[in-house]
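What follows is each chain in one-letter form.
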Amino acid sequence: MKPVRHPDAPAPGDPLGAHYEHCFGCGPGQPHGLHLEARAGEGVALTAEFTVQPAHQGAPGLAHGGVLATALDETLGSLNWLLRTVAVTGRLETDYVRPVPVGTTLHLAAEVTAVAGRKIYSRAVGRLDGPDGPVAVRADALFVEVKVDHFIDHGRPEEIQAAMSDPDQVRRARAFEVNP
Ligand SMILES: CCCCCCCCCC(=O)SCCNC(=O)CCNC(=O)[C@H](O)C(C)(C)COP(=O)(O)OP(=O)(O)OC[C@H]1O[C@@H](n2cnc3c(N)ncnc32)[C@H](O)[C@@H]1OP(=O)(O)O
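Here's what I pulled together on the structure shown here. Bear in mind the structure is a predicted one, so any value in this text is a computation, not a measurement.

**Here we look at the side chain of Glu74**
In step 1: Considering the arrangement of structural elements, one finds Glu74 in helix H1 (residues 65-83).
In step 2: Of the side chains bearing the opposite charge, Arg174 lies closest to the buried Glu74, which forms no salt bridge; the N-O distance is 7.6 Å.
In step 3: Aside from chain neighbours lying at most four places away, what touches Glu74 is His19, Cys23, Gly25, Cys26 and Leu36.

**Digging into the layout of surface pockets**
In step 1: Reported here for the largest pocket is a volume of approximately 670 Å³.
In step 2: In terms of lining, the largest pocket is formed by 31 residues, of which the most central are His19, Cys23, Phe151, Ala175 and Glu177.
In step 3: The greatest single-element share of the lining of the largest pocket, amounting to seven residues, is contributed by H1.
In step 4: Split into classes, the residues belonging to the lining of the largest pocket amount to 16 nonpolar, nine polar and six charged.
In step 5: Taken as a whole, the second largest pocket encloses approximately 180 Å³ of empty space.
In step 6: Together, Ala18, His19, Tyr20, Glu21, His22, Glu159, Ala162, Ala163, Asp166, Arg171, Arg172 and Ala175 line the second largest pocket.
In step 7: For the lining of the second largest pocket, the elements supplying multiple residues, two or more each, are helix H3 (157-164) and helix H4 (169-175).
In step 8: A breakdown of the residues in the lining of the second largest pocket according to their chemical character gives five nonpolar, two polar and five charged.

**Some thoughts on the pairing of strand S6 (residues 135-145)**
When a strand is regular, its side chains alternate between the sheet's two faces.
In step 1: Pairing analysis gives nine bridges linking strand S3 (residues 87-96) to S6, with the strands arranged antiparallel. Residue pairing across strands places Tyr96 opposite Val137, the latter belonging to S6.
In step 2: Pairing geometry for strand S5 (residues 119-127) and S6, over nine bridges, is antiparallel. Following the sheet pairing, Lys119 is matched in S6 by Val144.

**Concerning the site of the ligand**
In step 1: Taken together, 18 residues sit near the ligand, with Asp73, Gly90, Arg118, Lys119 and Glu177 positioned nearest.
In step 2: At a separation of 3.0 Å, a nitrogen atom of the ligand approaches a polar backbone atom of Thr89.
In step 3: Notes on the ligand: free accessible area 1200 Å², of which the protein chains cover 51%.
In step 4: By residue number, the principal contributor to the shell around the ligand is H1, which donates five residues.
In step 5: Looking at the shell around the ligand, its residues break down into five nonpolar, six polar and seven charged.

About the thresholds
- Residues numbered from 1 in each chain as written.
- Predicted model: local features only at pLDDT ≥ 70, side-chain atom pairs only at ≥ 80, totals over all residues.
- Heavy atoms only, no water.
- Helix = DSSP H or I, 4+ residues; strand = E, 2+ residues; numbered from the N terminus.
- Buried < 20%, exposed > 50% of the residue type's maximum accessible area, 1.4 Å probe, protein only.
- Lys, Arg positive; Asp, Glu negative; His and termini not counted.
- Salt bridge = Lys/Arg side-chain N within 4 Å of Asp/Glu carboxyl O.
- Contact = heavy atoms within 4.5 Å.
- 1 Å grid on protein atoms, 1.4 Å probe; cavity = no way out; pocket = protein on both sides within 12 Å on 5 of 7 lines; lining within 4 Å.
- Points joined across faces, edges and corners; volume = space filled by probe spheres on them.
- Nonpolar A, V, L, I, M, F, W, Y, C, P; charged D, E, K, R; others polar.
- Pairing = 2+ DSSP bridges.
- Near = heavy atom within 4 Å.
- Polar contact = N/O pair within 3.5 Å; in protein donor to acceptor, adjacent residues only side chain to side chain.
- Areas by Shrake-Rupley, 256 points an atom, 1.4 Å probe, with all protein chains shown as cover.

This is the structure:
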């Protein structure tokens, strides 16, 4: 089925912001995190940027492949906010096309391609030197819709309690990707 953008999804061009302060992908509370910044696009699509820091190295001066997969995962996961569906990554297939040097800003673009029951299919591409630059990484993913109980049942109680006690209703909801 064709994906349907939620009527309350942020307008095209609007930043999505961090969904959880301590998220390694986007949270401001992670000093060595990716601090990825995503922006809503048209339909069920978005763009994001991530600048590779020295803490993200694998080989000297180059981004670690797992960090690049994290950037793709975070970008793809952010799409679910446009659907307003709570979902987790079930499968992430990554192609590494070009090495990504430290200091580079990776320009990511992602879209949901189909939704089938609880399954959300999406893809992403990351380019160097700008949104139209050469492709460095690509991914295809399957996210699976879950109930909020997924996090409450499996997450460490300290963090679950702290997130649930956040006085800010939107932040509390977004930590679990629930409609506020
Ligand atoms: C602004 C928002 C920003 C958010 C950004 C977040 C980005 C980061 C996102 C993540 O990294 S989430 C963390 C990493 N992922 C996980 O920890 C998930 C761990 N896995 C699980 O909890 C379960 O395996 C999962 C919920 C994915 C599926 O278990 P379920 O028991 O709920 O589902 P089930 O096994 O019944 O499968 C449902 C459907 O999905 C399919 N499926 C599940 N896992 C699959 C898989 N790995 N590959 C292919 N298909 C899969 C499965 O075949 C089935 O298809 P059908 O409906 O057609 O029968």
